[in-house]
Amino acid sequence: MSVPLLKIGAVLSTMAMVTNWMSQTLPSLVGLNGTVSRAGASEKITLFQSPEEGWQLYTSAQAPDGKCICTAVIPAQSTCSRDGRSRELRQMMEKVQNVSQSMEVLELRTYRDLQYVRSMETLMRSLDARLRAADGSLSAKSFQEMKDRMTELLPLSSVLEQYKADMRTIVRLREEVRNLSGSLAAIQEEMGAYGYGDLQQRVMALEARLHACAQKLGCGKLTGVSNPITIRAMGSRFGSWMTDTMAPSADSRVWYMDGYYKGRRVLEFRTLGDFIKGQNFIQHLLPQPWAGTGHVVYNGSLFYNKYQSNVVVKYHFRSRSVLVQRSLPGAGYNNTFPYSWGGFSDMDFMVDESGLWAVYTTNQNAGNIVVSRLDPHTLEVVRSWDTGYPKRSAGEAFMICGVLYVTNSHLAGAKVYFAYFTNTSSYEYTDVPFHNQYSHISMLDYNPRERALYTWNNGHQVLYNVTLFHVISTAGGP
């Protein structure tokens, strides 16, 4: 083989690496490797230096996905006092601990994403160098084609700069947390009133800044779906499985509902590991049967569509009772407006970073998908959007950060084809590959706690990791 052909092969190989990086992410992002959950590395963080007088925080973090399991240990000698200032001091200390826990999650997520983008920058530089070296050995057409591809990748440099800025922001916030922890420790030791009001204001300001930072780093636009991770093959062709999106990280219970109509039996597994092994579960028998597979568990309750009706039911697992049920105005049911696969999938309930949603359609909007934000306590519709996308043409759908993503099929060859942005009431057509391994999806839901898609695929329970990127600068854009 001649030297010029070797150079061309090297350049094409680098381009392939860039393409793979953009379209795939590590399956371990959801804490799994194959079909087995992977424990994370444990790390001890001491917020206050004295083990007898101060608080200690122990965290067990699953580094790839940013999940953090935290345990707070109260000082051996309690600082409880009848003095109101002591109580307020303890409350501030608890707030700072919560801020510190959130900082750990943000730092893990941002570090992971920053590593991805830095890898891209290195590949871009290598590609550019090889293009320069190959300048005289390539045909004009081949060189121009590669140069055009390189030009398409150049905007990613702004993504890198934004992530670097985000990382610097997190470093500053973490330093403020440490300084504030030290000040609170000193006050705890002296139990004095010096600088107390100022500290309270600093805690409130820090919480507000962290909240804004978390919103910025936690949400983004869908750019990729990973290869599927098969957790288990169990049950019939249709069904649903899920975890509670609002539960603490230490709560890894899994709920399992086999079938798409007239079912009442819900299995609750203690952990994902128990679900994989089929052990350690309890059974809930719903007072009213379900329709479809669009159920969701949110803050300790199951939200589902009552069979042969457009009624939404909220069933509370702990009390084993229906807390509230309400008709969804105008919603079609009983296979009037299902997804393309049928199965009484007229009503689909979802949860994302902003709350509870219902996806359905009505006669009034000619069978196009309607997205409604629901009040999780009353089940009343807060606001609705008509997406203009025919529901019978959709394979499945899910919500991420207030955006409805729709697949164009439930069969092999499906892709995420359509996105509707509720914050701007606008839509766009997308082209995000989606590997439908078992060729028949009957349930697809996003879990914001784990940043993963839960799927029921022809009797297989499957997870997908998603890749989200932040929009750098758009005036009024999604």
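Going by what an unreviewed UniProt entry lists, the protein chain is known as Noelin-2 isoform X1 and is assigned to Tursiops truncatus.

Draft legend 1. Spotlight on the sheet that holds strand 18 (residues 368–374). In spatial order, the strands read 16-17-18-19; together these four strands make up an open sheet with antiparallel pairing. Of all strands in the sheet, those bounded by a partner on one side alone are strand 16 (348–352) and strand 19 (381–390). The sheet shows a mean angle of 25° between the axes of neighbouring strands, taken without regard to direction. Pairing between strand 16 and strand 17 (residues 355–360): five bridges, direction antiparallel. Directly across from methionine 350, in strand 17, lies its bridge partner tryptophan 357.

Draft legend 2. Spatial organisation of empty space enclosed by the protein. Going through the model one piece at a time under the given rule, you end up with two cavities of 30 Å³ or more. One number sums up the size of the second largest cavity: a volume of about 70 Å³. Forming the boundary of the second largest cavity are Met242, Thr243, Thr245, His295, Val296, Asp445, Tyr446, Asn447 and Tyr454. Elements represented by at least two residues in the lining of the second largest cavity include exactly strand 12 (290–298) and strand 24 (441–447). Tallied by class, residues from the lining of the second largest cavity come to four nonpolar, four polar and one charged.

Draft legend 3. Representation of the pattern of salt bridges in the model. Tallied over the entire structure, the rule returns seven salt bridges. In this structure, arginine 253 and aspartate 251 form a salt bridge, with 2.9 Å as the shortest nitrogen-oxygen distance. The shortest N-O distance in the salt bridge between glutamate 380 and arginine 326 comes to 3.8 Å. Residue glutamate 380 is found in the loop between strand 18 and strand 19, and its partner arginine 326 is found in strand 15 (residues 321–327); the two are separated by 54 residues along the sequence. On the basis of relative accessibility, which here comes to 41%, the residue glutamate 380 falls in the partly exposed class. Residue arginine 326 is classed as partly exposed on the basis of its relative accessible area, which comes to 32%. Salt bridges linked by common partners bring Asp251, Arg253 and Glu268 together as one network.

Draft legend 4. Region of the structure containing the side chain of glutamine 288. Here glutamine 288 is to be found in the loop between strand 11 (281–285) and strand 12. In terms of polar contacts, glutamine 288 uses its side chain to reach the side chain of glutamine 325, at 3.2 Å. When near neighbours in sequence (up to four residues on either side) are disregarded, glutamine 288 contacts Arg264, Tyr304, Lys306, Val313, Val322 and Gln325.

Draft legend 5. Spatial organisation of the packing of aromatic side chains. Under the criterion given, the structure shown has 25 aromatic pairs. Consider the rings of tyrosine 260 and tryptophan 341, whose centres lie 6.5 Å apart with planes at 90°: the pair is edge-to-face. Placement of the pair is tyrosine 260 in the loop between strand 9 (254–258) and strand 10 (265–269) and tryptophan 341 in the loop between strand 15 and strand 16, with a sequence separation of 81 residues. On the accessibility criterion, tyrosine 260 (23% relative accessible area) is partly exposed. Classification of tryptophan 341 as buried rests on a relative accessible area of 10%. Note on tyrosine 261 and tyrosine 307: the rings are 6.0 Å apart at their centroids and 45° apart in plane angle, and the pair reads as tilted. Pair noted here: tyrosine 261 is in the loop between strand 9 and strand 10 and tyrosine 307 is in the loop between strand 13 (301–306) and strand 14 (311–316), with a separation of 46 residues, a long-range link. The exposure class assigned to tyrosine 261 is partly exposed, which follows from its relative accessible area of 38%. Among the residues examined, tyrosine 307 registers a relative accessible area of 17% and is labelled buried. One aromatic cluster is present, built from ring pairs that chain together Trp241, Tyr256, Phe269, Phe275, Phe281, Tyr454 and Trp456.

Draft legend 6. The arrangement of unusual backbone geometry in detail. Although it is not a glycine, serine 425 sits at a positive phi angle of roughly 55°. Using a relative accessible area of 38% as the deciding quantity, one classes serine 425 as partly exposed. The backbone of arginine 451 sits at a positive phi, close to 50°, despite the residue not being glycine. Tracing the sequence through the fold places arginine 451 in the loop between strand 24 and strand 25 (452–457).

Draft legend 7. The arrangement of the confidence of the model for the protein chain in detail. Across the protein chain, the average pLDDT comes to 76, with 69% of residues at 70 or higher. In the predicted structure, residues 1–82 sits below a pLDDT of 50 and forms 168 contacts with residues beyond four places in sequence or in another chain.

Draft legend 8. Representation of the sheet that holds strand 20 (residues 397–400) in the model. Reading across from one edge, 20-21-22-23 is the order of the four strands in this open sheet, with antiparallel pairing throughout. Of all the strands in the sheet, the pair left with one neighbour each is strand 20 and strand 23 (426–433). Pairs of neighbouring strands in the sheet enclose a mean axial angle of 25°, with direction left out of account. As judged from the six bridges shared by strand 22 (residues 415–421) and strand 23, these two strands associate in the antiparallel manner. If you follow phenylalanine 421 over to strand 23, its bridge partner there is serine 426.

Draft legend 9. View of the pairing of strand 12. Within strand 12, nine of the nine residues are buried, leaving the element largely enclosed by the surrounding structure. For strand 12 and strand 13, the ladder comprises five bridges, and the chain directions are antiparallel. Within the sheet, the bridge partner assigned to valine 297 lies in strand 13 and is leucine 302. The turn linking strand 12 back onto strand 13 is made up of two residues, and asparagine 299 within it adopts a positive phi angle of 55°.

Draft legend 10. Structural detail: the nonpolar core. Membership of the largest hydrophobic core comes to 21 residues, with the highest contact counts inside it found for Leu222, Phe398, Ile400, Tyr405, Phe434 and Leu453. For this core, the elements supplying multiple residues, two or more each, are strand 6 (221–225), strand 20, strand 21 (403–407), strand 22, strand 24 and strand 26 (460–469). Counting residues per element, this core draws most heavily on strand 26, which supplies four residues. When sequence neighbours within four positions are dropped, the list of residues in contact with leucine 453 reads Val225, Phe398, Phe434, Leu444, Asp445, Tyr446, Val462, Leu463, Tyr464 and Val466.

Conventions and cut-offs
- Residues numbered from 1 in each chain as written.
- Predicted model: local features only at pLDDT ≥ 70, side-chain atom pairs only at ≥ 80, totals over all residues.
- Heavy atoms only, no water.
- Pairing = 2+ DSSP bridges.
- Helix = DSSP H or I, 4+ residues; strand = E, 2+ residues; numbered from the N terminus.
- Axes fitted to C-alpha atoms, helices over the stretch in contact; angles between N-to-C directions.
- 1 Å grid on protein atoms, 1.4 Å probe; cavity = no way out; pocket = protein on both sides within 12 Å on 5 of 7 lines; lining within 4 Å.
- Points joined across faces, edges and corners; volume = space filled by probe spheres on them.
- Nonpolar A, V, L, I, M, F, W, Y, C, P; charged D, E, K, R; others polar.
- Salt bridge = Lys/Arg side-chain N within 4 Å of Asp/Glu carboxyl O.
- Buried < 20%, exposed > 50% of the residue type's maximum accessible area, 1.4 Å probe, protein only.
- Polar contact = N/O pair within 3.5 Å; in protein donor to acceptor, adjacent residues only side chain to side chain.
- Contact = heavy atoms within 4.5 Å.
- Phe/Tyr/Trp six-rings, centres within 6.5 Å; stacked < 30°, edge-to-face > 60°.
- pLDDT = per-residue confidence, 0-100.
- Core = buried A, V, L, I, M, F, W, Y, C linked by side-chain atoms within 4.5 Å.

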